[in-house]
Amino acid sequence: MPKTDLKALSKQGLESFIRESGLPAFRTKQLLHWIYEKRAQSIDGITEFSKELRENFSKAAYISSLAILKRLTSEDGTEKFLFGLEDGESIESVLIPDKDRLTLCISSQVGCAMKCRFCLTGKMTLRRNLKAHEIADQIISAGRLIEPRKITNIVFMGMGEPLANFDEVVESLRRITGLLKISKRRITISTSGIAPKILELGGIGVPRVNLAISLNATTDEVRDRLMPVNKKYPLSSLLGACRRFPLEPGRRITFEYVLLEGVNDTMDDAKRLAKMLRDLPCKVNLIPFNQYEGSEFRRPPDETIARFQNILVDKHITAFVRKSKGQDILAACGQLKAGYC
Ligand code: SF4
């Protein structure tokens, strides 16, 4: 019989496994502590268990672990991890230090099917969805690699569209908040705009995390060209879902807007954007495009970026210009896995 991967089990699944193995219920709590807090990579590493128990337990179960295949550090302190999965696929996670925060940007799929034109990951096909434990394990594995530093924030902005892998992402949120004990206020899910799933994300029983929308255009015509998802869920349906998303008091939706020269960076775009968002509690992150060799888009000049931001601010929309981090190691937004595929 194949061994059971304890990390792949939900809390309830682990409880059943322990019960069926004839072990007392308190072993579940011990195992959860060792897997999620002490980051044990094998049953043999659980020193709280007797040698005999470890040996017996190892006959039926094991603890899977992401393999670190590559670790790159950028000049600005950003770190990129290439992790190997059990089936030979690989994914990337990026650690971004910023003042008192240490944010880990995690992947939810191997590749992506959304085909956003400005994104290098989108040039890969979707290879498969990640399981909940593979999503959460990026936090456990990166946490082990960077000890004694601690990850404070999580963003689902790595490879993949999180809402296209909804059930596994939601289960991973339960583990990240409940077992890894990261506050839901410090977790952000970023989506290209699958409107019905945004509403499901705001539903009962789902940890109420922060929402970010990768917007990138102010007309359906331009967004259709940049992001094929818009043909199915145009701006009216996307913004309608955002308006109905239940926000916790004091929270705002983040709109990400990659600025592409001559495509979506005009002053009319800025005015339309302000008008579109005026009734939404939100902030806008303007991200000047990370130009790479052979890219079809260009980064707008600094004056254009500043003017765009000023129009939003004048119209009372909170807007920041985000510097892309880790550009020298291809860790910036939309560049994940680019160096490997
Ligand atoms: S931007 Fe996000 S959703 Fe779009 S192709 Fe890239 S990874 Fe997929």
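The present account deals with the structure reproduced in this document. (Residues numbered from 1 in each chain as written. Predicted model: local features only at pLDDT ≥ 70, side-chain atom pairs only at ≥ 80, totals over all residues. Heavy atoms only, no water.)

**Regarding the overall build of the protein**
The number of helices and strands found in the protein is 11 helices and 14 strands. Here the protein has a C-alpha radius of gyration of 21 Å; the compact-globule value for 341 residues is 20 Å, and the two agree. Counting only C-alpha atoms and orienting by the principal axes, one finds that the protein spans roughly 70 × 40 × 35 Å. Across the 341 residues of the protein, 54% fall into the buried class. Charge-centre separation for the protein: the mean point of 54 positive side chains lies 3 Å from the mean point of 41 negative side chains. (Helix = DSSP H or I, 4+ residues; strand = E, 2+ residues; numbered from the N terminus. Rg over C-alpha atoms; globule rule 2.2 N^0.38 Å. Buried < 20%, exposed > 50% of the residue type's maximum accessible area, 1.4 Å probe, protein only. Lys, Arg positive; Asp, Glu negative; His and termini not counted. Charge placed at Lys NZ, Arg CZ, Asp CG, Glu CD.)

**Side note on the environment of Asn165**
Inspection of the secondary structure puts Asn165 in the loop between strand 9 (153-156) and helix 5 (166-178). Classification of Asn165 as buried rests on a relative accessible area of 4%. When the C-alpha positions of Asn165 and Ala306 are compared, they lie 36 Å apart, and in sequence the two are 141 residues distant. Contacts of Asn165, omitting those with residues within four sequence positions, involve Ser108, Gln109, Asn129, Leu130 and Ile135. (Contact = heavy atoms within 4.5 Å.)

**Structural notes on the packing of aromatic side chains**
Within the structure shown, the criterion is met by five aromatic pairs. Geometrically, the ring pair formed by Phe17 and Phe57 is edge-to-face, given 6.1 Å between the ring centres and 65 degrees between the ring planes. You can see Phe17 sitting in helix 1 (residues 11-20) and its partner Phe57 sitting in helix 3 (residues 51-60), a full 40 residues away along the chain. Classification of Phe17 by relative accessible area gives buried; the value is 14%. Given a relative accessible area of 6%, Phe57 falls into the buried group. (Phe/Tyr/Trp six-rings, centres within 6.5 Å; stacked < 30°, edge-to-face > 60°.)

**Some words on the side chain of Ser107**
Relative to the assigned elements, Ser107 resides in the loop between strand 6 (101-105) and strand 7 (109-110). Judged by its relative accessible area of 0%, Ser107 falls in the buried class. Separated by 3.0 Å, the side chain of Ser107 and the backbone nitrogen of Met159 make a polar contact. Setting aside its immediate chain neighbours within four residues, Ser107 contacts Ile91, Glu92, Leu130, Ile135, Gln138, Gly158 and Met159. (Polar contact = N/O pair within 3.5 Å; in protein donor to acceptor, adjacent residues only side chain to side chain.)

**A closer look at the site of the ligand**
Inspection of the region around the ligand gives Cys112, Met114, Lys115, Cys116, Cys119, Gly122, Gly160 and Ser192 as its neighbouring residues. Class assignment for the residues of the shell around the ligand results in four nonpolar, three polar and one charged. (Near = heavy atom within 4 Å. Nonpolar A, V, L, I, M, F, W, Y, C, P; charged D, E, K, R; others polar.)

Any functional reading would require information that these geometric values do not contain.
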